[in-house]
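Coordinates in review
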Amino acid sequence: MRVKEAARLVAEVLALILFLETASCAYLFHGTSDQISISSGDPDAKIYLDEQLIGRGNATATIDRGKKYTITAKAPDCQDSTVTTGDKFDPTSLLGLFLDLGIVSILVIDMAATDAAWKTYPLSYALNPICSLKPQTSTPASAPAISASPSKG
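Keep in mind that this is a model prediction, so the values were computed, not measured.

1. What to know about the overall build of the chain
Each helix and strand counted, the chain has 4 helices and 9 strands in total. Mapped in sequence order, the helices and strands of the chain form the string α-α-β-β-β-β-β-β-β-α-α-β-β. Put simply, the chain has 153 residues, and 29% of those count as buried. For the chain, the share of sequence-separated contacts (at least 6 apart) that also reach a separation of at least 24 residues comes to 63%. Accessible surface computed for the chain: about 10,900 Å², of which carbon and sulfur atoms make up 60%.

2. Some thoughts on a nonpolar patch on the surface
A cluster of nonpolar side chains, namely Phe29, Leu95 and Phe98, defines an oily patch on the protein surface of about 370 Å² accessible area. Looking at the element boundaries, Leu95 is found in the loop between strand E7 (86–89) and helix H3 (96–100). Exposure remark for Leu95: the relative accessible area of 37% places this residue in the partly exposed category.

3. Looking at the packing of aromatic side chains
Evaluated as defined, the whole model comprises 1 aromatic pair. Taking 5.5 Å as the distance between ring centres and 70° as the angle between the ring planes, the aromatic pair formed by Phe89 and Trp118 counts as edge-to-face. Taken as a pair, Phe89 in strand E7 and Trp118 in strand E8 (residues 118–121) lie far apart in primary sequence, 29 residues in all. Overall, the relative accessible area of 26% leaves Phe89 in the partly exposed class. A relative accessible area of 30% places Trp118 in the partly exposed class. In this structure, Lys74 is placed above the aromatic ring of Tyr48, and the distance from its NZ or CZ to the ring centre is 4.7 Å.

4. Thoughts on the pairing of strand E4 (residues 58–64)
On E4, burial follows the alternation: Ala59, Ala61 and Ile63 on one face are buried, whereas Asn58, Thr60, Thr62 and Asp64 on the facing-out side are not. As judged from the 7 bridges shared by strand E1 (residues 33–39) and E4, these two strands associate in the antiparallel manner. In the sheet register, Asp34 faces E4, and the bridge partner there is Ile63.

5. Notes on the state of the cysteines
Under the counting rule described, the total for this entry stands at 1 disulfide. Here Cys78 engages in a disulfide with Cys131; their sulfurs sit 1.8 Å apart. Between Cys78 and Cys131, the S-S dihedral sits near 100°, and the bridge is therefore right-handed. With Cys78 in the loop between strand E5 (70–74) and strand E6 (81–84) and Cys131 in the segment after strand E9 (124–126), the pair connects residues that are 53 residues apart, well separated along the chain. Among the residues examined, Cys131 registers a relative accessible area of 41% and is labelled partly exposed.

6. Some words on the nonpolar core
Ranked by size, the top nonpolar core spans 12 residues in total: Ile36, Ile38, Ile47, Leu49, Ala59, Ala61, Ile63, Tyr69, Ile71, Ala73, Tyr125 and Leu127. Among the elements of the structure, E1, strand E2 (46–49), E4 and E5 are those that each provide at least two residues to this core. Broken down by element, the residue count for this core peaks at 3 residues, all from E4. Among all residues touching Tyr69, those that are not within four sequence positions of it are Leu49, Asp50, Ile63, Asp64, Val83, Thr84 and Thr85.

About the thresholds
- Residues numbered from 1 in each chain as written.
- Predicted model: local features only at pLDDT ≥ 70, side-chain atom pairs only at ≥ 80, totals over all residues.
- Heavy atoms only, no water.
- Helix = DSSP H or I, 4+ residues; strand = E, 2+ residues; numbered from the N terminus.
- Buried < 20%, exposed > 50% of the residue type's maximum accessible area, 1.4 Å probe, protein only.
- Contact = heavy atoms within 4.5 Å.
- Areas by Shrake-Rupley, 256 points an atom, 1.4 Å probe, with all protein chains shown as cover.
- Patch = residues over 30% accessible without salt bridge, like charges linked within 9 Å, V, L, I, M, F, W, Y side chains within 5 Å.
- Salt bridge = Lys/Arg side-chain N within 4 Å of Asp/Glu carboxyl O.
- Phe/Tyr/Trp six-rings, centres within 6.5 Å; stacked < 30°, edge-to-face > 60°.
- Lys NZ or Arg CZ within 6 Å of the ring centre and 35° of its normal.
- Pairing = 2+ DSSP bridges.
- Disulfide = S-S within 2.5 Å.
- Core = buried A, V, L, I, M, F, W, Y, C linked by side-chain atoms within 4.5 Å.

Structure (structure tokens):
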């Protein structure tokens, strides 16, 4: 009877360890993706995320953590405006220090396996296509002739 109880206790402890190790903190609380929003001052500007059209003027997208994306705003007769998404460390990952000193939960799961340790930063982007001012084609009115006479002094 004691062998069965010991085997059951070992199985429960192993199951608990397995559960804790597969559910790291950043992955558990924030997942592996972030939602970003992109806006443009030009309501007709086409917004692209890695060469795929995602909207006009304003757009939102869900992107994977730990990856870089290129966001571009395009408008006719204008120069494209482009930015690359950034990231920063998600301090929620540090909670893994309480689980296993961070050896598996932070280093293996949050950083290597899921990239959950790196959150997208910033989450909002503003892009405006660069449109040059069109030169005026109208001719200026002729200026009146100015005549100067020497003054006597």
